[in-house]
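Examining the three-dimensional arrangement
So the chains spell out like this:
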There are 2 protein chains.
Amino acid sequence: MKAERLAKIRRVLSHRQPTLSVLLEEVHKPHNLSAILRSCDAVGVFEAHAVVPKGGMPTYNATSGSAEKWVPLRLHREALPAIREMQARGFQVLATHLSERAVDYRELDYTRPTCVLLGAEKWGVSQAAAEAADANVIIPMMGMVQSLNVSVAAATILFEAQRQRLRAGMYDAPQLDPETLELLSFEWLYP
Amino acid sequence: MKAERLAKIRRVLSHRQPTLSVLLEEVHKPHNLSAILRSCDAVGVFEAHAVVPKGGMPTYNATSGSAEKWVPLRLHREALPAIREMQARGFQVLATHLSERAVDYRELDYTRPTCVLLGAEKWGVSQAAAEAADANVIIPMMGMVQSLNVSVAAATILFEAQRQRLRAGMYDAPQLDPETLELLSFEWLYP
Ligand SMILES: C[S@@+](CC[C@H](N)C(=O)[O-])C[C@H]1O[C@@H](n2cnc3c(N)ncnc32)[C@H](O)[C@@H]1O
Ligand SMILES: C[S@@+](CC[C@H](N)C(=O)[O-])C[C@H]1O[C@@H](n2cnc3c(N)ncnc32)[C@H](O)[C@@H]1O
């Protein structure tokens, strides 16, 4: 049992993508946060980021497969410094935001270090954050309703990233260094 | 104002895809149902289907862009007759279900008449429904958690269908016949 679990943990960690992340700008509904972290776990996001909503961080939705154990969420007080930090680390920050410069999300190259910026349920991505981002991306909408649910938008983009990274062989060899991988294997075995 | 709205309605109806649908098998959380219908609206699903959960149909989530006005939901008492009806109408029914015969969702041809079968939050697609389906499809999971949120899974597959249908030019000319399109334009203008 324990050997099997350790093997699974090693396999998952060997698929983790330290160069793929999300930054949530004041997403505040527990079921959205939980759904986003599950998608992050599924595509191998190593670490997620969130700007704490005015009302405080949402609690996790206990009923859904709790991915928060496997995808640490780093909290930020404000969006702009968080975006600048990701950019300084070499990430392109893609704001999901309808603007003049917005492009179809399928046109981007997600094999580059990429952080997807998602906005609050009501207000979306802030103007300042959208401007600070490297690009604005949009999922084409052909219906009457103006926007998708935020966890749906997150997943749609993350699975496009997964598709591109699968094709580029980025899940074939571990992207974490061997020491981190070993260390985390044991942390995850005894959570 | 009204002319603009009529133009938008006509544009949306001219993108509707009568050959793309979903069948929800006892999905019961309001926020999931609402999120799925928003995604349906965005990719042009003309009509969605649901097997009524034991506890009754969920109410809609009033806070999210209410797509239920634009995507009629046809209710069914049981899954198997609903699946058979879709198949009799020429749809391939794709059950999102992990089984021996499950294939990567990206390998399917969504330009064919397609109905995506989605399962309940807790129990997933029933064994009988999965067997009756033409294929079982799965979104590749590389993390610790076993499944995605159901609205996330629905969207991931629907936007793959949108991608394939965009490429095949299926949004370039109306797929509804001219009479239906005109009739619905006026129904939608005065809902
Ligand atoms: C419900 S939407 C916000 C709606 C808000 N009224 C607006 O205009 O931005 C919540 C978040 O979901 C994401 N989102 C929704 N629809 C999207 C789309 N079509 N393309 C990209 N992101 C989208 C964005 O991150 C957005 O900030
Ligand atoms: C939370 S899941 C159900 C989990 C259930 N324990 C099971 O094993 O099927 C709810 C629904 O989301 C969809 N789903 C979740 N993850 C999926 C995946 N990786 N591929 C395809 N569909 C998925 C399926 O329709 C599933 O029935």
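Quick look at the structure, then.

Parameters and conventions
- Residues numbered from 1 in each chain as written.
- Chains lettered and ligands numbered in written order.
- Predicted model: local features only at pLDDT ≥ 70, side-chain atom pairs only at ≥ 80, totals over all residues.
- Heavy atoms only, no water.
- Pairing = 2+ DSSP bridges.
- Helix = DSSP H or I, 4+ residues; strand = E, 2+ residues; numbered from the N terminus.
- Contact = heavy atoms within 4.5 Å.
- Axes fitted to C-alpha atoms, helices over the stretch in contact; angles between N-to-C directions.
- Near = heavy atom within 4 Å.
- Polar contact = N/O pair within 3.5 Å; in protein donor to acceptor, adjacent residues only side chain to side chain.
- Nonpolar A, V, L, I, M, F, W, Y, C, P; charged D, E, K, R; others polar.
- Areas by Shrake-Rupley, 256 points an atom, 1.4 Å probe, with all protein chains shown as cover.
- Expected span 1.5 Å × (residues − 1).
- Least-squares fit on C-alpha atoms with pLDDT ≥ 70 in both.
- Buried area = accessible area lost by both parts, 1.4 Å probe.
- Salt bridge = Lys/Arg side-chain N within 4 Å of Asp/Glu carboxyl O.
- Buried < 20%, exposed > 50% of the residue type's maximum accessible area, 1.4 Å probe, protein only.

Turning our attention to the sheet that holds strand β3 (residues 73–76) of chain A. All names here are of chain A. Ordered in space as β3-β2-β1-β6-β4-β7-β5, the seven strands form an open sheet in which the pairing is parallel. In the strand order of this sheet, the two ends are held by β3 and β5 (103–104), each with one partner. Here strand β1 (residues 20–25) runs beside strand β6 (residues 114–118); their pairing, made up of five bridges, is parallel. By the bridge assignment, Val22 is partnered in β6 with Val116. Taken strand by strand, helix α3 (residues 79–88) contacts β1, β2 (48–51), β3, β4 (92–96) and β6, and its axis lies near 170 degrees from that of β1. Most of the contacts of helix α5 (residues 150–167) go to β6, to which it runs at about 165 degrees, and overall it touches β1, β4, β6 and β7 (135–138).

Glancing now at the site of ligand 2. With respect to spatial proximity, 17 residues lie near ligand 2, and among them Thr96, Gly119, Gly124, Ile139 and Leu148 of chain B are the closest. More than one chain approaches ligand 2, the contributing ones being chains A and B. Gly119 of chain B is positioned such that a nitrogen or oxygen atom in its backbone is 2.9 Å from an oxygen atom of ligand 2. Separating a nitrogen atom of ligand 2 from a backbone N or O atom of Leu148 of chain B is a distance of 2.9 Å. Its residues assigned to classes, the shell around ligand 2 shows ten nonpolar, four polar and three charged.

By nearness alone, 17 residues border ligand 1, and Thr96, Gly119, Gly124, Ile139 and Leu148 of chain A come closest of all. Per-site note: the chains with residues close to ligand 1 are chains A and B. Take Thr96 of chain A: an N or O atom from its side chain is 2.5 Å from an oxygen atom of ligand 1. Within the contact set of ligand 1, a nitrogen atom lies 2.9 Å away from a backbone nitrogen or oxygen of Ile139 of chain A. Protein contact buries 79% of the 570 Å² of open area that ligand 1 shows by itself. Considering only residue class, the shell around ligand 1 consists of ten nonpolar, four polar and three charged.

The next point concerns helix α2 (residues 30–43) of chain B. Residues three or four positions apart in an α-helix share a direction because the helix packs 3.6 residues into each turn. Relative to the 20 Å expected for 14 residues at 1.5 Å per residue, α2 of chain B spans 20 Å between its end C-alpha atoms, a close match to the ideal helical length. Of the residues one or two after α2 of chain B, Gly44 of chain B is the one with positive phi, at around 95 degrees.

On to unusual backbone geometry. Trans is the common state for peptide bonds, and a negative phi is the common state for residues other than glycine. For Glu26 of chain A, which is not a glycine, the phi torsion comes out positive at approximately 65 degrees. Within the secondary structure, Glu26 of chain A sits in the loop between β1 and α2 (30–43).

Once turned by 180 degrees and shifted 0.0 Å along the axis, chain B lies on chain A with an RMSD of 0.0 Å. Expressed as a symmetry operation, the mapping of one chain copy onto the other fits a two-fold axis.

Between chain B and chain A, the residue contacts involve 41 residues of the former and 41 residues of the latter. Across the chain B to chain A interface the summed buried area is about 3,400 Å²; carbon plus sulfur atoms make up 61%. Taken as a group, Arg38, Met142 and Met144 of chain B account for 24% of the area that chain B buries against chain A, more than any other trio of residues on that side. The interface formed by chain B and chain A holds zero salt bridges in total. Linking chain B to chain A there are 19 residue pairs in polar contact (both at pLDDT 80 or more). Of all the elements in the fold, those that place two or more residues in the side of chain B that touches chain A are α1 (2–15), α2 and α5 (150–167) of chain B. It is α5 of chain B that contributes the most residues to the side of chain B that touches chain A, eight residues altogether. The residue makeup of the side of chain B that touches chain A, split by class, is 20 nonpolar, 13 polar and eight charged.

Residues and elements named next belong to chain B. Under the definition given, this model contains 14 salt bridges over all chains. The salt bridge partner of Glu182 is Arg10, with a shortest N-O separation of 2.9 Å. Of the two residues, Glu182 sits in helix α6 (residues 178–189) while Arg10 sits in helix α1, which places them 172 residues apart along the sequence. On the accessibility criterion, Glu182 (34% relative accessible area) is partly exposed. In this structure, the salt-bridge partner of Glu26 is Lys54, at a minimum N-O distance of 3.0 Å.

Glancing now at the sheet that holds strand β4 (residues 92–96) of chain B. All names here are of chain B. Read from one edge to the other, the open sheet built from seven strands follows the order β3-β2-β1-β6-β4-β7-β5, with strand pairing classed as parallel. The open sheet has two free edges, formed respectively by β3 (73–76) and β5 (103–104), since each of these has just one partner strand. As paired strands, strand β2 (residues 48–51) and β3 are joined by four bridges and run parallel to one another. By the bridge assignment, Ala50 is partnered in β3 with Leu75. Running over the sheet, α2 touches β1 (20–25), β2 and β3 and is turned about 170 degrees from β1. Of the strands in this sheet, β1, β2, β3, β4 and β6 (114–118) are in contact with helix α3 (residues 79–88), which crosses β1 at around 170 degrees.

This part covers the pairing of β7 of chain A. Residue and element names in this part refer to chain A. The pairing of β4 with β7 spans three bridges and is parallel. Within β7, the position partnered with Ala95 by the bridge is Asn136. Taken together, the two bridges between β5 and β7 define a ladder with parallel strand orientation. Paired with Asp104 across the bridge in β7 is Ile138.

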